[in-house]
Amino acid sequence: QVQLVESGGGLAQAGGSLRLSCAASGRTFSSYAMGWFRQAPGKEREFVAGITWSGGSTYADSVKGRFTISRDDAKNTGYLQMNSLKPEDTAVYYCAADGGRLATVVAGRADYWGQGTQVTVSS
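What counts, and where the lines are drawn
Note on numbering: residues in each chain are counted from 1, in written sequence order. Local features in a predicted model are, by the rule used here, given only for residues with pLDDT of at least 70; side-chain atom pairs are given and counted only at 80 or more, and totals for whole chains, interfaces and linings are based on all residues. Calculated side-chain values reflect all of the structure's heavy atoms, with hydrogen atoms and water omitted. Strands are labelled as partners when DSSP assigns at least two bridges between them. Under the DSSP-based scheme used, a helix requires at least four consecutive residues in state H or I and a strand at least two consecutive residues in state E, with every element numbered from the N terminus. Here, axes are lines fitted to C-alpha atoms. For helices the fit covers the stretch in contact, and angles between N-to-C directions go from 0 to 180 degrees. What counts as a ring pair is set by centres within 6.5 Å for rings of Phe, Tyr and Trp (its six-membered ring), and what kind of pair is set by the plane angle: stacked under 30 degrees, edge-to-face over 60, tilted for all other angles. Think of it in three bands: with a 1.4 Å probe and only protein chains considered, a residue is buried below 20% of the maximum accessible area for its type, exposed above 50%, and partly exposed in between. We call two residues in contact when some of their heavy atoms are within 4.5 Å. Only four residue types enter the tally: Lys and Arg on the positive side, Asp and Glu on the negative side, with His and both chain ends excluded. A pair is scored as a salt bridge if a Lys or Arg side-chain nitrogen falls within 4 Å of a carboxyl oxygen belonging to Asp or Glu. Here a polar contact is recorded for every N or O atom pair within 3.5 Å, except that within protein the pair must consist of a potential hydrogen donor and a potential acceptor, and residues adjacent in sequence are included only if both atoms are side-chain atoms.

Student: Would you explain the sheet that holds strand β1 (residues 3–7) in this entry?
Tutor: Sheet strands pair via backbone hydrogen bonds, and the direction of the pair is either parallel or antiparallel. With antiparallel pairing, four strands are arranged side by side in an open sheet as β1-β3-β8-β7. Single-partner strands in this sheet number two, and they are β1 and β7 (67–72). For this sheet the average axis-to-axis angle between neighbouring strands, irrespective of direction, equals 15°. Here five bridges tie β1 to strand β3 (residues 18–25), and the two strands are oriented antiparallel to one another.

In structure tokens, the structure reads:
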């Protein structure tokens with residue numbers, strides 16, 4: 001079992017920045033692919049960014065060039081640095097992790113999910 005806890009959400013102004021953290025516990029995090037998803041009110045959950053165990057990353061087109069996913073396996077923590085925030089980035093952000101391929105995470109089929117952290121961007 002892997003437990004994931006997100007933090008770092010909050011209120012930001014358009015053009016501002018936030019950094020989300022995803023702390024993992026329970027098993028060796030370093031071998032897991034992980035990712036970030038978000039869900040805005042009235043919308044379906046969508047993929048935001050993903051990273052392999054070796055550091056390869058992929059992003060949704062809507063956040064490319066603005067968001068950066070990273071991981072610190074020594075701290076069992078993943079991060080999502082969000083810059084140039086827009087009001088449309090407002091959502092609950094979730095981290096996910098899976099012991100298999102990144103494609104499994106990207107498809108929304110990860111085994112482990114956090115509870116989410118709210119990000120609100122004001123215009």
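Student: What is the right way to read the packing of aromatic side chains from this model?
Tutor: When we look at a pair of aromatic rings, we describe it by the centre distance and by the angle of the planes. Taken as a whole and judged by the stated rule, the model has three aromatic pairs. Where Y32 meets Y112, the ring centres are 6.2 Å apart and the plane angle is 50°; that geometry is what we call tilted. Taken as a pair, Y32 in the loop between β3 and β4 (33–39) and Y112 in strand β10 (residues 112–113) lie far apart in primary sequence, 80 residues in all. Residue Y32 is classed as buried on the basis of its relative accessible area of 8%. On the basis of an interplanar angle of 75° and a centroid distance of 5.6 Å, the ring pair of F37 and F47 is categorised as edge-to-face.

Student: Help me understand the environment of A14, please; the structure alone is not making it clear to me.
Tutor: Mapped onto the fold, A14 is located in the loop between β2 (10–13) and β3. For A14, a relative accessible area of 41% puts it in the partly exposed group. On a C-alpha basis, the gap between A14 and Y59 in space is 20 Å, while along the polypeptide they are 45 residues apart. Among all residues touching A14, those that are not within four sequence positions of it are L85, P87, V121, S122 and S123.

Student: Would you take a moment to explain the side chain of D98 for this structure?
Tutor: Summarising the element assignment, D98 is placed in strand β9 (residues 91–98). No salt bridge is formed by the buried D98; its nearest oppositely charged neighbour, R109, is found at 8.1 Å. A distance of 2.7 Å separates the side chain of D98 from the backbone nitrogen of G100, its partner in a polar contact. Those residues in contact with D98 that lie beyond four places of it in its chain are Y32, A33, T104, V105, R109, A110 and D111.

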